[in-house]
Amino acid sequence: MSTTTRRRGKQQRSSAADAAGTNTSTSGDGAPPTPVPPPPASTAGGAGGADADAQVQQAIARVAMASIRTRDLHDMWRSTLHKMSYLVALLALHQLNGTVGQCVRDAKGVNDAAAQSSISGMEMIGLVLVDALPAILGVVVSGLLVKFLSLPAPADFGSPWYYVG
């Protein structure tokens, strides 16, 4: 008996295993293969009922495998985005540092140039906050991004409320 292997995507099936009724499916992520139940044998009396049941069972198995793959892909993307969010937060802090530094240098230059009318400390703080407001908001948003991506993913992946929360 030959043991030819057919490949479709990341699933492998052996014709010898098909003949024995022990189908296995691999998810492609290094996990051990998961057994796929064989379709129920058709009876002589039921012409199309058993065939339809077998097709439904196969469709359910394919949907379950697609759900598992989707969950794995989502987890990988989420961890990648979490790692990238640290870089985004560092870039936002760098941008804030440059903006605040430039505003302080400009205010000191104005103070040095005009000896009689200098900018007070509270005015300086107000000018820096107004000038750096977009950069401050960038730091806040990137901090929230890091916070929300560091939360554990909920177990109920299939729920439509998963994406809202």
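Criteria and thresholds
- Residues numbered from 1 in each chain as written.
- Predicted model: local features only at pLDDT ≥ 70, side-chain atom pairs only at ≥ 80, totals over all residues.
- Heavy atoms only, no water.
- Helix = DSSP H or I, 4+ residues; strand = E, 2+ residues; numbered from the N terminus.
- Expected span 1.5 Å × (residues − 1).
- Buried < 20%, exposed > 50% of the residue type's maximum accessible area, 1.4 Å probe, protein only.
- Arc of directions from axis to C-beta.
- Contact = heavy atoms within 4.5 Å.
- Polar contact = N/O pair within 3.5 Å; in protein donor to acceptor, adjacent residues only side chain to side chain.
- Axes fitted to C-alpha atoms, helices over the stretch in contact; angles between N-to-C directions.
- Patch = residues over 30% accessible without salt bridge, like charges linked within 9 Å, V, L, I, M, F, W, Y side chains within 5 Å.
- Areas by Shrake-Rupley, 256 points an atom, 1.4 Å probe, with all protein chains shown as cover.
- Salt bridge = Lys/Arg side-chain N within 4 Å of Asp/Glu carboxyl O.
- Core = buried A, V, L, I, M, F, W, Y, C linked by side-chain atoms within 4.5 Å.
- Parallel < 35°, antiparallel > 145°, perpendicular 65-115°, else oblique.
- Left-handed = near helix turned anticlockwise from the far one by under 90°.
- Nonpolar A, V, L, I, M, F, W, Y, C, P; charged D, E, K, R; others polar.
- pLDDT = per-residue confidence, 0-100.

### Let's talk about helix 2 (residues 49–113)
Helical geometry note: an α-helix holds 3.6 residues per turn, so side chains three or four residues apart project in the same direction. Its 65 residues place the ends of helix 2 93 Å apart at the C-alpha level, agreeing with the 96 Å of an ideal helix rising 1.5 Å per residue. Restricting attention to buried positions, one finds in helix 2 the residues Ala50, Ala54, Met65, Arg78, His82, Ser85, Ala89, Ala92, Leu96, Gly101, Cys103 and Ala107.

### Some words on helix 4 (residues 133–150)
Across its 18 residues, helix 4 extends 26 Å between first and last C-alpha, which sits within 8% of the 26 Å expected from 1.5 Å per residue. Ala135, Ser142, Val146 and Leu149 are the residues of helix 4 that are buried. Buried residues of helix 4, viewed axially, fall in a sector of 80°; they line one side. In the core, the buried residues of helix 4 are packed alongside helix 2.

### Things to note about the side chain of Ser85
Residue position: Ser85 is located in helix 2. With a relative accessible area of 1%, Ser85 lands in the buried category. A distance of 2.6 Å separates a polar atom in the side chain of Ser85 from the backbone oxygen of His82. Other than its neighbours up to four places away in sequence, Ser85 contacts Leu145, Val146 and Leu149.

### Examining the packing of helix 3 (residues 121–131) against helix 4
One can describe the packing of helix 3 onto helix 4 by two numbers: an axis separation of 4 Å at closest approach and a directional angle of 65°. Taken together, the residues of helix 4 that come into contact with helix 3 (itself represented by Leu129, Val130 and Asp131) are Leu133, Pro134 and Ile136.

### Examining a nonpolar patch on the surface
A cluster of nonpolar side chains, namely Leu73, Met76, Trp77, Leu81 and Met84, defines an oily patch on the protein surface of about 540 Å² accessible area. Along the polypeptide, Leu73 turns up in helix 2. According to the relative accessible area criterion, Leu73 is partly exposed, its value standing at 45%.

### A short note on the nonpolar core
The biggest cluster of nonpolar side chains holds five residues, and these are Cys103, Ala107, Ile119, Met124 and Val128. Every element with two or more residues in this core is listed here: helix 2 and helix 3. Excluding its chain neighbours within four sequence positions, the residues that come into contact with Cys103 are Leu127, Val128 and Asp131.

### Points about the pattern of salt bridges
Counting across every chain of the model gives one salt bridge. Measuring nitrogen to oxygen at the nearest pair gives 3.4 Å for the salt bridge that ties Asp75 to Arg71. Taken together, the residues Asp75 and Arg71, both in helix 2 and four residues apart, mark about one turn of the helix. Overall, Asp75 belongs to the partly exposed group, its relative accessible area being 32%.

### What about the packing of helix 2 against helix 4?
Put simply, helix 2 and helix 4 touch, their axes get as near as 8 Å, and they point 160° apart. As the angle between them shows, helix 2 and helix 4 are arranged roughly antiparallel. Here helix 2 and helix 4 pass one another in a crossing that is left-handed. Across the interface between the two elements, Arg78, Leu81, His82, Ser85, Tyr86, Val88, Ala89, Ala92, Leu93, Gln95, Leu96 and Thr99 of helix 2 pack against Ala135, Ile136, Gly138, Val139, Ser142, Leu145, Val146, Phe148, Leu149 and Ser150 of helix 4. Considering only residue class, the contact of helix 2 with helix 4 consists of 14 nonpolar, seven polar and one charged.

### A few points about the side chain of His82
Secondary-structure assignment places His82 in helix 2. With near-sequence residues (within four places) excluded, His82 lies in contact with Val146, Leu149 and Ser150.

### Some remarks on the confidence of the model for the protein
Low pLDDT marks regions whose predicted coordinates should not be analysed in detail. Across the protein, pLDDT averages 76, with 62% of residues at or above 70. Scored below 50 in pLDDT, residues 10–22 shows 29 contacts in the model against residues more than four places distant or in partner chains.

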